[in-house]
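Survey of secondary and tertiary structure
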Amino acid sequence: MNKILIEDMSWTEFSEVMAVNDLVIIPVGSIEEHGYHNPLGTDYFIAKKAAYDIGKLSNAPVAPIMPIGNASNLMGFPGTISIDPEVLRDVLLQICEGFIHHGAKRFLFINGHGGNTSTIKMVSNILFDKYQVFSTQTEWWITLKQMSEFPCNDHGGKYETSMMLAVDDTIVDMSVAQTVLRKNLTDKIIYDDFGLKFNGVALPPSFSLHTVTAVGNYGAKAEEASIELGERMYEKYIEYCVELAEEIRKIPLMK
Ligand SMILES: [Zn+2]
């Protein structure tokens, strides 16, 4: 396969690819604040480049990125845009239905933003219910948290900024990177690197991030981010996803 991005292919080239392949990779991004130093498109840029590299190394076609996700909890920061979860669900669903119509039976979502996770999960459930196709998602910060030495416990902090630097360091301004201590939601509902907790028990979050940080990034110190760290993280994530894509191709399907 010479071309990786579906939008670069002619219809005949796409048809040839799908004659011998039934997996499509779909990047999903977000346009939202990531502190003073990172671009609004941080989640978009990381997902887009990762999907391209995964597609290239696993010989799977890559769909156009869904650029905007659900980021309503970040609307307190100018430039953030958000679409409702049910709209995102329906758009992703219809994109997948288009690919199913043309032979896709497996989907790997490369999700760049935590606010999209539950919606993509619902898309996967609906796709299975209606078409018995296989789909799943990976998120670089969850993947790395679980299988590497990188804790990825931040938003626009050390780890996410490093990933962004590895993807494109020309649009990160490290001279204004700063870290502020995140406030708790109330005296007893605390907000740590793993989300909201009351008396040590996790609470599903749904609140404005502006109430806990004025700068926008939180977690591990943004000032400690580096290209070198980002490249190590990026490489590990891509390696994992390429292996996953190969394994997804072996999954027996119902029809
Ligand atoms: Zn992000």
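I will try to describe carefully the structure that is included in this document.

Procedures and definitions
- Residues numbered from 1 in each chain as written.
- Predicted model: local features only at pLDDT ≥ 70, side-chain atom pairs only at ≥ 80, totals over all residues.
- Heavy atoms only, no water.
- Helix = DSSP H or I, 4+ residues; strand = E, 2+ residues; numbered from the N terminus.
- Buried < 20%, exposed > 50% of the residue type's maximum accessible area, 1.4 Å probe, protein only.
- Patch = residues over 30% accessible without salt bridge, like charges linked within 9 Å, V, L, I, M, F, W, Y side chains within 5 Å.
- Areas by Shrake-Rupley, 256 points an atom, 1.4 Å probe, with all protein chains shown as cover.
- Salt bridge = Lys/Arg side-chain N within 4 Å of Asp/Glu carboxyl O.
- Lys, Arg positive; Asp, Glu negative; His and termini not counted.
- Charge placed at Lys NZ, Arg CZ, Asp CG, Glu CD.
- Phe/Tyr/Trp six-rings, centres within 6.5 Å; stacked < 30°, edge-to-face > 60°.
- Axes fitted to C-alpha atoms, helices over the stretch in contact; angles between N-to-C directions.
- Parallel < 35°, antiparallel > 145°, perpendicular 65-115°, else oblique.
- Left-handed = near helix turned anticlockwise from the far one by under 90°.
- Contact = heavy atoms within 4.5 Å.
- Nonpolar A, V, L, I, M, F, W, Y, C, P; charged D, E, K, R; others polar.
- Pairing = 2+ DSSP bridges.
- 1 Å grid on protein atoms, 1.4 Å probe; cavity = no way out; pocket = protein on both sides within 12 Å on 5 of 7 lines; lining within 4 Å.
- Points joined across faces, edges and corners; volume = space filled by probe spheres on them.
- Polar contact = N/O pair within 3.5 Å; in protein donor to acceptor, adjacent residues only side chain to side chain.

Here we look at the side chain of N153
Summarising the element assignment, N153 is placed in the loop between α5 (140-147) and β4 (154-155). The exposure class of N153 is buried, given its relative accessible area of 17%.

Some points on a negative patch on the surface
Side chains of D169, E231, E235, E239, E243 and E246 sit close together on the surface and give a patch of like negative charge. Structurally, E239 is set in helix α7 (residues 227-248).

Topic: the packing of aromatic side chains
Enumeration over the complete set of coordinates arrives at four aromatic pairs. For the pair Y44 and F45, a centre-to-centre distance of 5.2 Å together with 80° between the ring planes defines the contact as edge-to-face. Ring centres of W140 and W141 lie 5.7 Å apart, and the angle between their planes is 80°; this geometry places the pair in the edge-to-face category. For W141, a relative accessible area of 16% translates into the label buried.

Focus on the packing of helix α2 (residues 42-58) against helix α6 (residues 158-167)
Two numbers describe how α2 lies on α6: the axes approach to 10 Å, and their chain directions differ by 55°. Between α2 and α6, the crossing angle belongs to the class labelled oblique. Considering only the axes of α2 and α6, their crossing is left-handed. Where α2 abuts α6, its residues T42, D43, F45, I46 and K49 lie against E160, M163, M164 and V167. Broken down by class, the residue content of the contact of α2 with α6 amounts to five nonpolar, one polar and three charged.

Considerations on the sheet that holds strand β7 (residues 201-203)
Strand order in the open sheet made by the three strands is β5-β6-β7, with antiparallel pairing throughout. The open sheet terminates on both sides in strands that have one partner only, identified here as β5 (189-192) and β7. Neighbouring strand axes in the sheet, compared pairwise and without regard to direction, differ in orientation by 40° on average. The sheet contact formed by β5 and strand β6 (residues 195-198) spans four bridges and is antiparallel. Across the sheet, the residue bridging to Y191 is L196, located in β6.

Things to note about unusual backbone geometry
Residues other than glycine seldom take positive phi values, yet Q132 does so here, at roughly 55°. Within the secondary structure, Q132 is located in the loop between α4 (117-131) and β3 (134-139). The phi dihedral of C152 is positive, around 45°, even though this residue is not glycine.

What about the layout of surface pockets?
Each pocket or cavity is described by its volume, and for the largest pocket that value is around 1,000 Å³. Considering the residues around the largest pocket, the lining is formed by 37 residues, among which G114, G115, Y191, P205 and Y218 are closest to the centre. Counting residues per element, the ones that place at least two in the lining of the largest pocket are α4, α5, β4, β5, β6 and β7. Tallying contributions element by element places α5 first for the lining of the largest pocket, with four residues. For the lining of the largest pocket, the class distribution of residues is 14 nonpolar, 14 polar and nine charged.

Digging into the pattern of salt bridges
Using the criterion set out here, one finds ten salt bridges in the structure. With its nearest N and O atoms 3.0 Å apart, the salt bridge here joins K49 to D53. Pair noted here: K49 and D53 are both in helix α2, with a separation of four residues, about one helical turn. Judged by its relative accessible area of 32%, K49 is partly exposed. When its relative accessible area of 16% is taken as the criterion, D53 is described as buried.

Some words on the packing of α5 against α7
Relative to each other, α5 and α7 sit at 95°, their axes nearing to 10 Å. Judged on the interaxial angle alone, α7 and α5 are roughly perpendicular. Residues W140, T143, L144 and M147 of α5 form the contact with α7, whose own contacting residues are M233, K236, Y237 and Y240. Partitioned by chemical class, the residues of the contact of α5 with α7 number six nonpolar, one polar and one charged.

What about the side chain of N38?
Within the secondary structure, N38 is located in the loop between β1 (23-28) and α2. In this structure the side chain of N38 is engaged in a polar contact, spanning 3.2 Å, whose partner is the backbone oxygen of H34. A polar contact is formed between the side chain of N38 and the side chain of T161, at a distance of 3.0 Å. Not counting residues within four places of it along the chain, the set of residues in contact with N38 comprises G156, T161, M164 and V172.

By themselves, these are just geometric observations and shouldn't be taken as functional.
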